[in-house]
Amino acid sequence: MVTNTLMNYTTGREDLQHWLVSEDGFRPEWLGKGESVFSLGNGYMGLRSVTEEHYANETRNLFVAGTFNKFAENEVTELPNAADLLWMEFKLDGVRFDLTQGNILSYRRTLNLKEAELVRKITWQSPNGNVYDLTFRRFVSMDNLHVIAQRVTITPKQNSVLSLTSGINGQTTNSGVQHFLEGNKTTTESGIDFVFHSVHRFYRRESMNPTSIIKMDRRQIFFDYSDIEIPANEVFTIEKYSTVFTSRDHEVTVDSTEELADLALDVTRKIESEGYDYLLDRHVQAWDELVWSRTPITIKSKDMFDQLAIRFAQYHLAVMTPKHDNRMNIGAKGLSGEGYKGHTFWDTEIFILPYYTYTNPTIARSLLEYRYLSLPGAHRKAKENGYEGAMFPWESAWLDDGEVTPIWGAADIVTGEATKIWSGFIEQHITSDVAFAAWQYYHVTGDQEFMDNYGYELLIDTAKFWASRLEWNETYDRYEINQVVGPDEYKEHVNNNAFTNYTAHWNIQKAIEYVELLRIEKPNLFQQLNEKLDLETAETRFRHVLDLIYLPQVREDGVLPQDDTYLQKQIIDLSKYKNQENVGSMFYDYNLEQVNEIQVSKQADVMILMYLLEDLFSADVKRANWEYYEPKTLHDSSLSLSTHSVLASDLGNRELAYSLFRRASEIDLGPNMKTSDAGIHAASLGGIWQAVVNGFGGVRMTSGNLRISPMLPEAWDELTFSINWKGETLDIYASHDKVVLTRRAPSTEPLTVEIYGEKQTITDTFTSEVLSV
Ligand code: BGC
């Protein structure tokens, strides 16, 4: 257990109970945690929560979704670290404000999840003995996506003199990589123009204009304000309003950078005149409409951390999701850090998308449209590898970039050389993950228009890839998929990874169903897609291969081999690594090549297959595989715990499910101060929602039908949440005794839902007693 922490999760009172995440105290070696977990944003941009003043070890990041740039030919594209707009340097009575000097008499920084405002309150005693109260507030507007607002108040305990330097620092880099040209701030390779503005306002009793001089340096512009006198116990307020625009902004139609700058300046002037309180009000309202009123989830738990944890997940999901533009997707660290370079992985489709599919289909659809729009890159990748159809990149950035996974990773403990990252070459299950997510979206939402315009094509084009990817094994007379990395990235170059083979088979099977359906029910669309995808030939191939695809079979003891060789590998005592404080500790003792030869998994692999294609496996088989694989799984990927939690719920082990949910929740929100330096864990946050709604809430779509079988852990008294099901909202209440399902808008069309295994027809509301699953 970690006791050495600054995090405090119990500061919320009254209306703000279970809405506040706080940090009590300042430790320069732990800056990364707060920078990530307190990060602000609105899906257009993400702002890491650095302090106004500089410290060593800080990482000052501002990312604008979708603005990828490639620094050099041998680098992969990444989201550039745009500019530092937060920066302010204070001199109080001649001494630089620096918390590593003097004494901190009190310190609390709090993120209010409901209002998405970050507040830092400090009483600081300067090395010269003077004392000051300082409050720093800021938000990134959800109402106007281009706006960042800051308000700082300084109240000296003695008559004081303040000097301030503040402005825009464009000298930011991504760990040393500079993505911008000098002069107009334009990315070096992708040619995206960035326009930043900042404006300051000052008050002491009333508005004032301190004397200032403007200073400019390379990629820097700032104002020096000096000799501002503040009488003892008077409040001095500084407000800084900043705006961010880029030439990639969808909604902005201008012809030149100058026009963009003019437009941005108008917006900056306007928001400055509207003021902090007004802008904050609008921002809070936007958050309420987008998230809190729309998707409320209440958990009455003996430990109210659980309520905070689900809100924290929803907060960050809203901060990281570029809902405004279907040319963009979610990065594995959202917009909160340089980790994974802003790239999109299967994290979106399998871990995050269900949240949107079930609660905000418009956003889910936009994220799926991104995949559709990136089909040209997927076709290119297939072709380059000698395949057909759509082979989605393992890591994805701008639409036509194709594969962007870096080739070299961490140091190998044995050779001292960089380890080769094989995922971009051979982690191929991403293609069926995309197909699965599109299929799930369709059945949950009933969005036929999506299917007609994008969905059928996605499902058939991905199946074409798999049909061409299969390898014929003459000895066994079967098609195999060899030399892959499955979800468990500790096993490379394996043959017949169960997850990959089963989901590829599923993908081809769905494509056959849809080609047939199109031919009979939608002849015009069939014709159109036939011209694009040559459906006739594809279908012949699909039908030929389907039953010849090798699907690893469950052994007598119920265990499904993860791949051809996993079960023959060495078994070692993993307890040291199972009990690790920080992930990846095994790599201090072994290199990846050695790990490859041991029965040890990074993350859910067979288990996630049994979650996604759950109908194919009996409860006994699921249990046997849990018992076999979980003890060998280190959960070194943050994607692992939530899946295990859902499965533990499915298997009726509520307490295990609860402890895994807690561990998943504590990846970012826990006491450990070193978990989130590179950014928050986007997929894990989506997984937390799944652990609550799909796990404890027992919500599942199988074969197009809805199933709800809530099963609360001991610690919870009640759970309430809502889901969208084929265009209508269903409100669900669950306790230990009863479950109530209410159709928010009662309809004469009866709705069929399977509740605890029984099909129920519901017109307005339905109450059931709780049964065991
Ligand atoms: C995991 C992948 C995941 C990626 C991005 C890796 O460590 O093994 O499954 O997609 O991180 O989150």
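About the thresholds
- Residues numbered from 1 in each chain as written.
- Predicted model: local features only at pLDDT ≥ 70, side-chain atom pairs only at ≥ 80, totals over all residues.
- Heavy atoms only, no water.
- Helix = DSSP H or I, 4+ residues; strand = E, 2+ residues; numbered from the N terminus.
- Rg over C-alpha atoms; globule rule 2.2 N^0.38 Å.
- Contact = heavy atoms within 4.5 Å.
- Areas by Shrake-Rupley, 256 points an atom, 1.4 Å probe, with all protein chains shown as cover.
- Lys, Arg positive; Asp, Glu negative; His and termini not counted.
- Charge placed at Lys NZ, Arg CZ, Asp CG, Glu CD.
- Buried < 20%, exposed > 50% of the residue type's maximum accessible area, 1.4 Å probe, protein only.
- Phe/Tyr/Trp six-rings, centres within 6.5 Å; stacked < 30°, edge-to-face > 60°.
- Core = buried A, V, L, I, M, F, W, Y, C linked by side-chain atoms within 4.5 Å.
- Domains from an automatic or database assignment.
- Salt bridge = Lys/Arg side-chain N within 4 Å of Asp/Glu carboxyl O.
- Buried area = accessible area lost by both parts, 1.4 Å probe.
- Nonpolar A, V, L, I, M, F, W, Y, C, P; charged D, E, K, R; others polar.
- Pairing = 2+ DSSP bridges.
- Near = heavy atom within 4 Å.
- Polar contact = N/O pair within 3.5 Å; in protein donor to acceptor, adjacent residues only side chain to side chain.
- Axes fitted to C-alpha atoms, helices over the stretch in contact; angles between N-to-C directions.
- Patch = residues over 30% accessible without salt bridge, like charges linked within 9 Å, V, L, I, M, F, W, Y side chains within 5 Å.
- Expected span 1.5 Å × (residues − 1).
- Bend = angle between axes of the 7 residues up to and from the residue.
- Parallel < 35°, antiparallel > 145°, perpendicular 65-115°, else oblique.
- Left-handed = near helix turned anticlockwise from the far one by under 90°.
- 1 Å grid on protein atoms, 1.4 Å probe; cavity = no way out; pocket = protein on both sides within 12 Å on 5 of 7 lines; lining within 4 Å.
- Points joined across faces, edges and corners; volume = space filled by probe spheres on them.

1. Quick look at the overall build of the protein chain
Link 1 in the chain: Helix and strand counts for the protein chain come out as 20 helices and 30 strands.
Link 2 in the chain: For a compact globule of 773 residues, the expected C-alpha radius of gyration is about 28 Å, and the protein chain comes in at 27 Å, within 12% of that figure.
Link 3 in the chain: With the C-alpha coordinates aligned to their principal axes, the bounding extent of the protein chain is approximately 85 × 60 × 60 Å.
Link 4 in the chain: A separation threshold of at least 6 residues defines the contact pool for the protein chain, and within that pool the share at least 24 residues apart is 68%.
Link 5 in the chain: Here the protein chain displays about 29400 Å² of accessible surface, and carbon together with sulfur accounts for 47% of that area.
Link 6 in the chain: Side-chain charges in the protein chain split into 72 positive and 112 negative, and the spacing between the mean points of these groups amounts to 3 Å.

2. Some remarks on unusual backbone geometry
Link 1 in the chain: The backbone of Arg-205 sits at a positive phi, close to 65°, despite the residue not being glycine.
Link 2 in the chain: Structurally, Arg-205 can be placed in the loop between strand E13 (194-204) and strand E14 (206-208).
Link 3 in the chain: For His-493, which is not glycine, the phi dihedral falls at a positive 55°.
Link 4 in the chain: Along the chain, His-493 turns up in the loop between strand E22 (478-480) and helix H11 (498-521).
Link 5 in the chain: Judged by its relative accessible area of 30%, His-493 is partly exposed.

3. Some thoughts on the packing of aromatic side chains
Link 1 in the chain: Considering all chains together, one arrives at 47 aromatic pairs under this definition.
Link 2 in the chain: A centroid spacing of 6.1 Å and a plane angle of 20° characterise the contact between Trp-287 and Trp-292, whose relative ring orientation is stacked.
Link 3 in the chain: For the pair Tyr-502 and Phe-617, a centre-to-centre distance of 5.5 Å together with 55° between the ring planes defines the contact as tilted. Of this pair, Tyr-502 sits in helix H11 while Phe-617 sits in the loop between helix H16 (606-612) and helix H17 (619-629); the two residues are 115 residues apart in sequence, bridging distant segments of the chain.
Link 4 in the chain: Since its relative accessible area comes to 8%, Tyr-502 is described here as buried.
Link 5 in the chain: Among the aromatic side chains, those forming a connected cluster through ring pairs are Tyr-340, Phe-345, Trp-346, Phe-351, Trp-394 and Phe-499.

4. Quick look at the nonpolar core
Link 1 in the chain: Formed by 186 residues in total, the largest nonpolar core has its most connected members in Trp-346, Ile-508, Trp-716 and Ile-723.
Link 2 in the chain: Counting contributing residues, this core receives three or more from each of domain 1 (1-7 + 295-349 + 637-773) and domain 2 (38-292).
Link 3 in the chain: Judged by nonpolar contacts, the second largest core, of 25 residues, contains Phe-26, Leu-31, Tyr-132 and Phe-136.

5. Some remarks on the pattern of salt bridges
Link 1 in the chain: Applying the stated criterion to the full structure yields 53 salt bridges.
Link 2 in the chain: Of the charged contacts, one joins Asp-143 and Arg-282 as a salt bridge, the two residues approaching to 3.2 Å between their closest N and O atoms. Here the residue Asp-143 occupies a position in the loop between strand E10 (131-140) and strand E11 (147-156), and Arg-282 occupies one in helix H3 (residues 276-292), the gap between them amounting to 139 residues.
Link 3 in the chain: Taking relative accessible area as the criterion, Arg-282 reaches 34% and is therefore assigned partly exposed.

6. Digging into the domain arrangement of the protein chain
Accessible area lost during the coming together of the parts is what is often quoted as the interface size.
Link 1 in the chain: When the domains of the protein chain are assigned, the result is domain 1 (1-7 + 295-349 + 637-773) and domain 2 (38-292).
Link 2 in the chain: Each of domain 1 and domain 2 has a C-alpha centre, and the two are 34 Å apart.
Link 3 in the chain: In this complex, domain 1 contributes 30 residues to the contact, which on the side of domain 2 involves 36 residues.
Link 4 in the chain: On the domain 1 side of the contact with domain 2, Tyr-315, Leu-335 and Glu-338 bury the most area, a combined 29% of that side's loss.
Link 5 in the chain: The tally of links from domain 1 across to domain 2 stands at 0 salt bridges.
Link 6 in the chain: Among the elements that take part in the side of domain 1 that touches domain 2, helix H4 (residues 305-320) stands out by supplying 9 residues, more than any other.
Link 7 in the chain: Counted by class, the side of domain 1 that touches domain 2 contains 12 nonpolar, 11 polar and 7 charged residues.

7. Digging into the pairing of strand E8 (residues 103-112)
Link 1 in the chain: Sheet topology note: the strand E2 (residues 20-23)/E8 ladder contains 4 bridges and is antiparallel. Counterpart to Ser-22 in the pairing with E8 is Thr-110.
Link 2 in the chain: Following E8, the chain reverses through 4 residues before pairing antiparallel with strand E9 (residues 117-125); Ala-116 in that reversal takes a positive phi of roughly 50°.

8. Re the site of the ligand
Link 1 in the chain: Every residue lining the ligand is accounted for by Ala-332, Tyr-340, Phe-345, Trp-346, Asp-347, Trp-394, Glu-489, Lys-602, Gln-603, Ser-637 and Leu-639.
Link 2 in the chain: The contact in question runs from an oxygen atom of the ligand to an N or O atom on the side chain of Trp-346, over 3.0 Å.
Link 3 in the chain: Residue Gln-603 places a side-chain N or O atom 2.6 Å away from an oxygen atom belonging to the ligand.
Link 4 in the chain: About the coverage of the ligand: the protein hides 93% of its 310 Å² of free accessible area.
Link 5 in the chain: When the residues that make up the shell around the ligand are grouped by side-chain class, the tally is 6 nonpolar, 2 polar and 3 charged.

9. Considerations on the sheet that holds strand E4 (residues 45-47)
Link 1 in the chain: Spatially, the 3 strands line up as an open sheet ordered E3-E4-E5, and their pairing is antiparallel. Among the strands making up the open sheet, the edge pair consists of strand E3 (40-41) and strand E5 (62-64).
Link 2 in the chain: In this structure, E4 lies alongside E5, joined through 3 bridges in antiparallel fashion. Bridge assignment links Leu-47 to a residue of E5, and that residue is Leu-62.

10. Considering the sheet that holds strand E25 (residues 716-725)
Link 1 in the chain: On the basis of which strands lie adjacent, the open sheet formed by 5 strands has the order E18-E25-E26-E27-E30 and antiparallel pairing. The open sheet has two free edges, formed respectively by strand E18 (298-301) and strand E30 (765-769), since each of these has just one partner strand. In this sheet, neighbouring strand axes are inclined to one another by 15° on average, regardless of whether the strands run parallel or antiparallel.
Link 2 in the chain: Note that E18 and E25 share 4 bridges and pair antiparallel.

11. Topic: a nonpolar patch on the surface
Link 1 in the chain: A cluster of nonpolar side chains, contributed by Ile-407, Trp-408 and Phe-425, occupies part of the molecular surface with about 310 Å² of accessible area.
Link 2 in the chain: Within the secondary structure layout, Ile-407 lies in the loop between helix H7 (375-384) and strand E19 (408-411).
Link 3 in the chain: Of the residues examined, Ile-407 reaches a relative accessible area of 37% and is grouped as partly exposed.

12. Regarding H17
Link 1 in the chain: Buried within H17 are the following residues: Val-621, Lys-622, Ala-624, Asn-625, Trp-626, Tyr-628 and Tyr-629.
Link 2 in the chain: Against the buried residues of H17 lie H16, helix H18 (640-650) and helix H19 (654-669).

13. Some points on helix H10 (residues 448-469)
Link 1 in the chain: Helix length check: H10, at 22 residues, gives a terminal C-alpha distance of 29 Å against a target of 32 Å (1.5 Å per residue), a fit within 8%.
Link 2 in the chain: The sharpest bend along H10 reaches about 50° and sits at Tyr-454.
Link 3 in the chain: Judged by how many residues are buried, H10 sits mostly within the fold: 17 of 22 residues are covered.
Link 4 in the chain: Between a side-chain oxygen at the N-terminus of H10 and the backbone nitrogen of Glu-449 the separation is 3.3 Å; the capping residue is Asp-447.

14. A few points about the packing of helix H6 (residues 361-373) against helix H9 (residues 430-445)
Link 1 in the chain: Put simply, H6 and H9 touch, their axes get as near as 11 Å, and they point 150° apart. Regarding the angle of H6 to H9, the classification is roughly antiparallel. At the point where H6 passes H9, the crossing takes the left-handed sense. Side by side, H6 and H9 meet where Pro-361, Ala-364, Arg-365, Leu-368 and Arg-371 of the first sit next to Ile-430, Val-434, Ala-437, Ala-438, Tyr-441 and Thr-445 of the second.

15. Thoughts on the layout of surface pockets
Link 1 in the chain: When its volume is computed, the second largest pocket comes out at roughly 680 Å³.
Link 2 in the chain: Residue lining of the second largest pocket: 26 residues in total, with Ile-168, Gly-183, Lys-185, Phe-196 and Ile-221 positioned closest to the centre.
Link 3 in the chain: Of all the elements in the fold, those that place two or more residues in the lining of the second largest pocket are strand E12 (160-169), E13, strand E15 (212-217), strand E16 (220-230) and helix H2 (257-274).
Link 4 in the chain: When its residues are assigned to classes, the lining of the second largest pocket shows 10 nonpolar, 10 polar and 6 charged.

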